[in-house]
Amino acid sequence: MSDKGHHFKFCLVSLVCTVTVQRLTSIFLFSFVTSQTDDKSILTVHEEQPGKNEPSNEGVCTILEQDLGDSKNRKTFTVEEAVEAIGFGKFQWKLSMLTGVAWMADAMEMMLLSIATPQLRCEWRLSSWKVASITAMVFIGMMISSSLWGNISDKYGRKVCLILCMLWSLHYGFLSAFAPTYSWILVLRGLVGFGLGGAPQSVTLYTEFLPMKSRGISVILLGVFWGLGAVFEVLLAMLVMPTLGWKWLLAFSTLPLVVFAASCCWLPESARFDVLRGREDKALDTLKCIAAANGSSVPKGRLIANTQTDRGRIKDLFIPEYRRTTLLVWFIWFCNAFSYYGIVLLTTELFQAGSACSATDNSNMEPRCSLECNYLTFHDYVDLLWTTLAEFPGILVTLWMIDRIGRRKSMAVCFLLFSVSILPLYACTQRTLLTVFIFIARACITGGWQVAYVYTPEVFPTATRAIGIGTGSGMARVGALITPFIAQVLLKSSIYLTLSVYLICCLLGTVASWFLPMETTGRSLQESTQSTMEQKNIERPQGSETTESSSSRSSKYI
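Residues numbered from 1 in each chain as written. Predicted model: local features only at pLDDT ≥ 70, side-chain atom pairs only at ≥ 80, totals over all residues. Heavy atoms only, no water.

A. Representation of the overall build of the protein chain within the structure. Counting its regular elements, the protein chain contains 20 helices and 3 strands. Among the 558 residues that make up the protein chain, the fraction classed as buried is 58%. For the protein chain, the share of sequence-separated contacts (at least 6 apart) that also reach a separation of at least 24 residues comes to 85%. Working note: accessible area of the protein chain is about 23,000 Å², and carbon and sulfur atoms make up 65% of it. (Helix = DSSP H or I, 4+ residues; strand = E, 2+ residues; numbered from the N terminus. Buried < 20%, exposed > 50% of the residue type's maximum accessible area, 1.4 Å probe, protein only. Contact = heavy atoms within 4.5 Å. Areas by Shrake-Rupley, 256 points an atom, 1.4 Å probe, with all protein chains shown as cover.)

B. Structural context of the packing of aromatic side chains. Applying the stated criterion across every chain, the model contains 25 aromatic pairs. Summarising the aromatic geometry, the rings of tyrosine 322 and phenylalanine 460 are spaced 5.9 Å apart at their centres and angled 35° between planes, so their arrangement reads as tilted. Taken together, the positions of tyrosine 322 in the loop between β2 (302-308) and α13 (323-353) and phenylalanine 460 in the loop between α17 (431-459) and α18 (462-489) put the pair 138 residues apart, joining distant regions of the chain. With 4.7 Å between their ring centres and 70° between their planes, tryptophan 333 and tyrosine 453 make a pair best called edge-to-face. With tryptophan 333 in helix α13 and tyrosine 453 in helix α17, the pair connects residues that are 120 residues apart, well separated along the chain. Since its relative accessible area comes to 0%, tryptophan 333 is described here as buried. Seen from the ring of tyrosine 182, lysine 130 lies directly overhead, with NZ or CZ sitting 5.6 Å from the centre. (Phe/Tyr/Trp six-rings, centres within 6.5 Å; stacked < 30°, edge-to-face > 60°. Lys NZ or Arg CZ within 6 Å of the ring centre and 35° of its normal.)

C. Main features of helix α6 (residues 182-196). In this model, α6 (15 residues) spans 21 Å end to end at C-alpha, consistent with the 21 Å of a helix rising 1.5 Å per residue. Of all 15 residues in α6, 11 are buried, a share of seventy percent or more. Burial in α6 covers these residues: Tyr182, Ile185, Leu186, Leu188, Arg189, Gly190, Val192, Gly193, Phe194, Gly195 and Leu196. (Expected span 1.5 Å × (residues − 1).)

D. Inspection of the packing of helix α14 (residues 378-388) against α17 at higher detail. The contact between α14 and α17 brings their axes to 8 Å, and the two run at 35°. Considering the relative orientation of α14 and α17, their crossing is right-handed. Contacts between α14 and α17 involve His379, Asp380, Asp383, Trp386, Thr387 and Thr388 from the former and Arg431, Thr435, Ile438, Phe439 and Arg442 from the latter. Here the contact of α14 with α17 is built from residues that sort into 3 nonpolar, 4 polar and 4 charged. (Axes fitted to C-alpha atoms, helices over the stretch in contact; angles between N-to-C directions. Left-handed = near helix turned anticlockwise from the far one by under 90°. Nonpolar A, V, L, I, M, F, W, Y, C, P; charged D, E, K, R; others polar.)

E. Quick look at the nonpolar core. Counting residues in hydrophobic clusters, the biggest one holds 147 residues, and the most contacted among them are Met110, Ile115, Phe260, Tyr341, Phe418 and Trp449. Element by element, the count of residues in this core is highest for α13, at 17 residues. Contact partners of tryptophan 449, with chain neighbours within four places excluded, come to Trp333, Asn336, Ala337, Tyr340, Tyr341, Ala476 and Arg477. (Core = buried A, V, L, I, M, F, W, Y, C linked by side-chain atoms within 4.5 Å.)

F. Structural context of the pattern of salt bridges. Scanning all chains against the criterion turns up 11 salt bridges. Residues glutamate 109 and arginine 189 are paired through a salt bridge, measuring 2.6 Å at the closest nitrogen-oxygen approach. Linking glutamate 109 in helix α3 (residues 90-123) with arginine 189 in helix α6, this pair joins segments that are 80 residues apart in sequence. Residue class for arginine 189 comes out buried when judged on its relative accessible area of 4%. (Salt bridge = Lys/Arg side-chain N within 4 Å of Asp/Glu carboxyl O.)

G. Molecular detail of the packing of α18 against helix α19 (residues 495-514). One way to put it is that α18 packs onto α19 with a least axis distance of 9 Å and a crossing angle of 150°. Contacts between α18 and α19 involve Thr483, Ile486 and Ala487 from the former and Thr498, Val501 and Tyr502 from the latter. Across the contact of α18 with α19, the residue classes break down as 4 nonpolar, 2 polar and no charged.

H. Just the side chain of threonine 510, in detail. Looking at where threonine 510 falls in the secondary structure, it is placed in helix α19. Judged by its relative accessible area of 15%, threonine 510 is buried. Residues within four places of threonine 510 in sequence aside, it is in contact with Ala412, Phe415 and Leu416.

I. Inspection of the side chain of arginine 407 at higher detail. Among the structural elements, arginine 407 can be located in helix α16 (residues 407-421). With relative accessibility at 2%, the residue arginine 407 sits in the buried group. Discounting residues that sit within four places of it in the chain, arginine 407 has contacts with Gly216, Ile402, Val451, Val454, Tyr455, Glu458, Glu519, Thr520 and Thr521.

J. Main features of helix α12 (residues 280-294). Taking 1.5 Å of rise per residue, the 15 residues of α12 would be expected to cover 21 Å, and the 21 Å separating its terminal C-alpha atoms lies within 8% of that figure. For α12, every residue scored as buried is listed here: Glu280, Ala283, Leu284, Thr286, Leu287, Ile290, Ala291 and Asn294. On an axial view of α12, the arc spanned by its buried residues comes to 160°, and they lie on one face. In α12, the exposed positions that point more than 90 degrees away from the buried face belong to Cys289 and Ala292. Directly after α12, the chain includes glycine 295, whose backbone phi takes a positive value near 70°. (Arc of directions from axis to C-beta.)

K. How the structure looks around the environment of serine 169. Position of serine 169 relative to the elements: it lies in helix α5 (residues 158-176). A sequence separation of 28 residues divides serine 169 from glycine 197, and the C-alpha atoms of the two residues are 9.4 Å apart. Among residues more than four places away in sequence, those in contact with serine 169 are Val192, Gly195, Leu196 and Leu257. Among the polar contacts listed, one links the side chain of serine 169 to the backbone nitrogen of leucine 196, at a separation of 3.3 Å. (Polar contact = N/O pair within 3.5 Å; in protein donor to acceptor, adjacent residues only side chain to side chain.)

By themselves these figures say nothing about function.
So, in C-alpha cells, the structure goes:
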C-alpha cells in the first residue's frame, strides 16, 4: 500500500476513535456537571441566613442529624475514624482490582518502550538518538501533565481525574498502532505519555479508602499489578512481535485501558475529598456504602468535616512544615524513575549487544557496546521475562521491611542494594550472571519506588495530596526523560561511565531517603495543610464559632 493509502487509513481510524472518545467523555462530563449543580443548590439552601445580610459562620457550619436524638450529647467522628471503624474488606478488594487495572495499563505502556524500539530501529533505520527520542517523548508528555492531573484531582476529584486520563491514554494509545511515519509515532506517544501522567492518582484514590494498619501493605501489593502488566507485555510481545509486528503489539497493549473504561462507572469518589470540598452528604453516603459492602457500620454520631477551598496549590508544598520534605521527595522520585527505567532499557540494550559487551580488548581501552540493528530473539524475550519477574521478589522484600523498619529506612536500603548489585556489571560478565545481577537490581529499585508511592500520599494532607504525588511524578518523568540518553546513547560509547551515573544517582537517593524529616509509619492521614487549626475548630463547642471571613477553612458537622 502507498504512503497516501497509509495516511488515509490512519486519518479514518483517528476520526472514528476521536468521535467515540468524545462521546464517552461528553457523557461523563455531563453527569459530573449535573452532580455539581445539584451540590451547589444544596449548599445554597444551607447558606441562607435569617435576618441581616451580613456574612456569618452559621452559613457554613451546619448540622444534619444522622438519626434522631439530642445533638448536644451526641458523639462525633471524622472520616479517618470512620475508615478505621469500617476496616478493610470487600469494597477495598474491588477498588484494588480497578485501580490495579489502571496500574497494569501504565506498566504495559512503559514496558512497551523497551520492546518495540529495537524493531523500530531496524524497520525505519533509526539512529540511537531517534530511538531514544521515542522514549523521551513519552516521558515529556508525562512530565508536562503530572502536575496538571494532580491539580485537577485536588480541585475536581480523584474519580474525575483518573477516568479522564485513562480515556485519553486509551484514545492515543490505540491510534499509535496506526502511525504511518516516525514523526507520527513521536507525536502520538507523547500524547499517550500526557494521559499516563495521571495514572499515579489511582494511588491517591486508593490510599484514601484504606485503614492505617493495612495502608502500607495494600499500596505495596498494588505494585503486583505493575509487575503483572510488565510480565504480560513481555509474553504478549513473544507471541505478537515475530508474526504480526509492533503495530499489533501497540493495539493489544491497550486492553487493560479498555477494561478500565468499561468498569469505571463503579469507581467511587474519595470521601475525604468530598468532605474537604463541602459535600458532606455524599461523603456520608459513600461511607455507608463501604460499610454495607464490608459488613460493618459507620460510627454513631455526627461526622466532623473540615473544608478547604484553596486546594491543589503547589505553593502549599513549600510552607515551612513541608518545604524540606517536598524537595527530598521530589529527588527520591527522580532517582527512582531514572534508575528503574534505566535498568529496563539497559536490559534490552545489553542483551542485544551479546558477547560484544563482554569482550575485553588487550589494550587499556575499556570495553564498548557495539549495538547494531538486531531484532530481539526468543532467548532475548526469555531473559527479559526473567528480569521482569524481579518485580515480585522486590515487592515481597518491601512488604517485609516497610512496617518493620519504616518507610524512610526501607527506601534507603533499596537504593543502597541497587548500587551494590550493579557493581558486578563493571566486569561485563557473561549472559547468565548479567541476567542475575540485573534481576537483583530491578527487584531493589522496584521495591524502593513502591515505598515512595506509600510514603508520598501519607506525608501530604488531603488538600495537597494529589498535587504532591503529581509533582513527585513529574520529577520522576524528568529522570525518565534523561535516562534513555544514558542507557541507549551513552552506553554505546562507554559502559563504565553509564553504570557510574546510575551508581552515583542511587547513592544520593540513599542519603536523601535517610534525611527525610518525617516518618509516616503508624501515622493517620492529615486532611488539610493546617491540621492544628482544624483540630482546634473540632474541639470548639457548638455555638461558639467566631467569624473568620479571611479564612478559607471551616469546620462542619454532619
